[in-house]
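# Residue-level structural notes
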2 protein chains.
Amino acid sequence: MAHRQDQQRRASIHDVASRAGVSAATVSKVMAGVTTVKPENAQRVFDAVEQLGYRIDPLASDMRRAKRRIIGAIMPEFESEFFGQMVTQLESLAEQRGYTLVAASSRESEAREKEILVRMHDWRVAGVVLAPVRNEHGPAADFMKANGMTGVLIDRVLSDDAFDTVSADSAAASAEVARELIAKGHRHILVVGLGEQAATMRARLDGFRTTALKLAPDVRIDVVLAETDVEPLRAQLREYFAKGERPTAVYSLFLKGTLVALSEFRRRGWHCPNDISLVGFDDAEWMQVTWPAIAAVVQPVRQIAGHAMEALFARIEGGEGPPIARLEPCRILMRESVGSPGNGPHSGGGQ
Amino acid sequence: MAHRQDQQRRASIHDVASRAGVSAATVSKVMAGVTTVKPENAQRVFDAVEQLGYRIDPLASDMRRAKRRIIGAIMPEFESEFFGQMVTQLESLAEQRGYTLVAASSRESEAREKEILVRMHDWRVAGVVLAPVRNEHGPAADFMKANGMTGVLIDRVLSDDAFDTVSADSAAASAEVARELIAKGHRHILVVGLGEQAATMRARLDGFRTTALKLAPDVRIDVVLAETDVEPLRAQLREYFAKGERPTAVYSLFLKGTLVALSEFRRRGWHCPNDISLVGFDDAEWMQVTWPAIAAVVQPVRQIAGHAMEALFARIEGGEGPPIARLEPCRILMRESVGSPGNGPHSGGGQ
DNA sequence: GTGAAAGCGCTAACAT
DNA sequence: ATGTTAGCGCTTTCAC
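Quick look at the structure, then.

Cut-offs used in this document
- Residues numbered from 1 in each chain as written.
- Chains lettered and ligands numbered in written order.
- Predicted model: local features only at pLDDT ≥ 70, side-chain atom pairs only at ≥ 80, totals over all residues.
- Heavy atoms only, no water.
- Near = heavy atom within 4 Å.
- Polar contact = N/O pair within 3.5 Å; in protein donor to acceptor, adjacent residues only side chain to side chain.
- Helix = DSSP H or I, 4+ residues; strand = E, 2+ residues; numbered from the N terminus.
- Nonpolar A, V, L, I, M, F, W, Y, C, P; charged D, E, K, R; others polar.
- Axes fitted to C-alpha atoms, helices over the stretch in contact; angles between N-to-C directions.
- Left-handed = near helix turned anticlockwise from the far one by under 90°.
- Contact = heavy atoms within 4.5 Å.
- Salt bridge = Lys/Arg side-chain N within 4 Å of Asp/Glu carboxyl O.
- Buried < 20%, exposed > 50% of the residue type's maximum accessible area, 1.4 Å probe, protein only.
- Least-squares fit on C-alpha atoms with pLDDT ≥ 70 in both.
- Expected span 1.5 Å × (residues − 1).
- Buried area = accessible area lost by both parts, 1.4 Å probe.

## As for the protein's contact with DNA strand D
In the vicinity of DNA strand D, 25 residues are found, and the nearest of them are Lys38, Asn41 and Arg64 of chain A together with Ile13 and Tyr54 of chain B. One nitrogen or oxygen atom from the side chain of Lys29 of chain A is found 3.3 Å from a base oxygen belonging to DNA strand D. The separation between a base nitrogen of DNA strand D and a polar main-chain atom of Ala60 of chain B is 3.3 Å. Those elements that place two or more of their residues in the surface near DNA strand D are helix H2 (24-32) and helix H4 (58-64) of chain A together with helix H1 (13-20), helix H2 (24-32) and helix H4 (58-63) of chain B. Partitioning the surface near DNA strand D into residue classes produces 10 nonpolar, nine polar and six charged.

Listed below in structure tokens is the structure:
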């Protein structure tokens, strides 16, 4: 360990050079692991580095190359388990390759998403992992294209003509949910979602509807889609139930929808699965400890992160070829919130 | 909007300078908003900037100064609402001051925490917001001290002799919880926590115990503290209940503890609040939509983030004086998971 | 008012 | 095998 009681100024490569009695270029070579340096000099450099506590300044070092060893990550939010795990994974993978991940939250705003992208462009990041607020056609992706940035799109995307995309296989997962619900006897199902993320929600809805109708042509599928926000969804859902609609199951296409559905059930005094069944897209830790445990579609975060980074680095290293759209398979956890219709009181009533 | 179909190389300050017919120094001044530039020249610079789509390279610009306009944030994890909100807030506040936040997850490892800090030191960040894995006495804080880094410690800390600290007022919140539980008639209460974070857990435990004993000297308070990890806690809790212990309420000192408690209740078929009451430190969105809703201590994330950044920037700007330890008041949400003892079946069995 | 020159800390091409 | 030189893109004296 180096001893430096006062760190007025950090040791620079020149300090090391003069202490070791060599030039800065030689120090640079030694640090880079070039083998053509005389062992004796290399040793002197190592000693000087040790004594001065020298460390390369990665940002200064990046100054010379066109791209810096930095990967930008833009997530719609940091508050959910899904994106939290995603950032953690991405960070890990970036570091494994000697890069630093700089993550930013667009806070579900496309305008902010674009601003962050501009900043990352200013920073000359080597690449960007963008989880767009809406879909692949936002201003952020346009900006990336217009400026020739290297990037991968994840999560709320299906495919793109300029960037590789990686997301959960929404359609297949939804088909599986449909299979389960139909098998349990449900013939009146409400699907709730958010219209804003057109492509993803559409895939989830279609995947569900197609399979459900195929297995049970008589099934009734209602859909409540809020345009951009969660509170309107709550209002629409409330209105839907107020009209007297009584589906036997609800399939929520996104996490917040599951929370809204649960809170509306509470309001009406309905319990899962006796009064109504519930499945949600997106799992969360709490869903397995509540009573009833909530059934959910588990997105393969690690696979998405892994393949996204793989694709990104392939492009950073010059990989050519048309964009690739990956869909990662999900798991379905059918927990207690799903039952068969008609097994419970199935009536309104107090809490 | 600037038009640049191919972005071989981004426009540099020299490109702007030559296009505007002035020197790079003048461009720099214009960009910095210096007023001593002839208006006509300033205009030419603005035009050139516009036409070339020029943007300052913030990293290159920081090269000259000792500290960069970057704030580092180190959180124990990104997966929980608490730290997700914290990062979001910190990011926002940093940006408001023209800084970029670079967040990293120590993944609950002190070794990794230190590594991240080393990297941030290499990056010459202006300051660090550290939410330590354990407490203020870890290797990371030592490293910061030894290297004269500017920083603030938050969350799992009480006070420090070198850095300002900001955290939730654990003791006061716990006292309030004690007041509520005692008032409801509970006289046998189990407290669960994690020993690793000595200071914080101690404050929560002591705050609870002191007030509970003062209000009801006959109260029995059991404590199950796991050393470092959550799974051992689950095992200890299971063993505790297996011995036949039947407290009427559980107070969990941290979020994961609340989840573990809930899952152990499930295992034994106990329902809140009839069979047992539950309050947890740390709120989460799902807690208000489950049935029963789970009572929780809400940490004031915004205040913590706000005061942390305030303190940090004060130091960055040269503020002197002894370290300040702030405690931010919490709110208690007494929800349905808390009832009075003896109102339910209070027997084992069930699903 | 403005620009030339000197760097921030590093690396890479080119000599030697 | 090593050092010299010339930058990366910017800012900041300090003369003019």
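Now that the structure is up, let's keep going.
## Re the packing of helix H8 (residues 170-183) of chain A against helix H9 (residues 198-215) of chain A
Residue and element names in this part refer to chain A. Across the interface, H8 lies against H9 with an axial gap of 7 Å and an inter-helix angle of 35°. In this structure, the crossing between H8 and H9 has a hand that is right-handed. Contacts from Ser170, Ala171, Ser174, Ala175, Val177, Ala178, Arg179, Leu181 and Ile182 in H8 reach Thr200, Ala203, Arg204, Gly207, Phe208, Thr211, Ala212 and Leu215 in H9. Grouping the constituent residues of the contact of H8 with H9 by class yields 10 nonpolar, five polar and two charged.

## Quick word on the pattern of salt bridges
On inspection of all chains with the given rule, the structure shows 50 salt bridges over all chains. Its salt-bridge partner being Asp222 of chain A, residue Arg220 of chain A comes within 3.1 Å of it at the nearest N-O pair. Accessibility expressed as a relative area gives 13% for Asp222 of chain A, which makes it buried. The residue Asp155 of chain B makes a salt bridge to Arg156 of chain B at a minimum N-O spacing of 3.8 Å. Both residues of the pair, Asp155 of chain B and Arg156 of chain B, belong to the buried class. Three or more residues joined by partner-sharing salt bridges are found here, namely Glu91 and Glu95 of chain A together with Arg112 and Arg119 of chain B.

## Some details on the relation of the copies chain A and chain B
For the match of chain A to chain B, the screw axis carries a shift of 0.0 Å, the RMSD comes to 0.1 Å, and the turn is 180°. Taken together, the turn and the small shift mark the pair as related by a two-fold rotation axis. Among all C-alpha atoms of chain A, that of Val102 of chain A lies closest to the rotation axis, at 2.8 Å. Take the interface residues of chain A: 98% of them recur as interface residues in chain B, which is what a same-surface contact looks like.

## Brief notes about helix H6 (residues 110-122) of chain A
All names here are of chain A. Look at H6: 18 Å from first C-alpha to last across 13 residues, which is about the 18 Å you get at 1.5 Å a residue. Every buried residue belonging to H6 is among Arg112, Glu113, Ile116, Leu117, Val118, Arg119, Met120, His121 and Asp122, and all of these are buried. Measuring from the backbone nitrogen of Ala111 back to the side-chain oxygen at the start of H6 gives 3.3 Å, which picks out Ser109 as the cap. Looking at the residues trailing H6, positive phi occurs at Arg124, about 55°.

## Focus: the interface of chain A and chain B
With 59 residues of chain A at the interface, the matching set in chain B holds 58 residues. Of the roughly 5500 Å² buried between chain A and chain B, counting both surfaces, carbon and sulfur atoms make up 54%. The tally of links between chain A and chain B comes to 18 salt bridges. For the interface between chain A and chain B, the tally reads 26 residue pairs in polar contact (both at pLDDT 80 or more). If one sorts the elements of the side of chain A that touches chain B by residue count, helix H5 (residues 81-96) of chain A sits on top with eight residues. A breakdown of the residues in the side of chain A that touches chain B according to their chemical character gives 24 nonpolar, 17 polar and 18 charged.

## A look at unusual backbone geometry
All names here are of chain B. In this structure, the amide linkage connecting Cys272 to the following residue, Pro273, adopts the cis form with an omega of -5°. Mapped onto the secondary structure, Pro273 falls in the loop between helix H11 (255-268) and strand S9 (277-281). A cis amide bond links Trp291 to the next residue, Pro292, at an omega of 0°. Here Pro292 is to be found in the loop between S9 and strand S10 (295-298). At Arg107, a position not held by glycine, the phi torsion is positive, near 45°. Examined against the element boundaries, Arg107 turns out to sit in the loop between strand S2 (100-105) and helix H6 (110-122). The class of Arg107 is partly exposed, set by a relative accessible area of 35%. Unusually for a residue other than glycine, Asp155 sits at a positive phi of about 70°. Tracing the chain through its elements places Asp155 in the loop between strand S4 (151-154) and strand S5 (164-168).

Remember, this is a structural readout, not a statement about activity or role.
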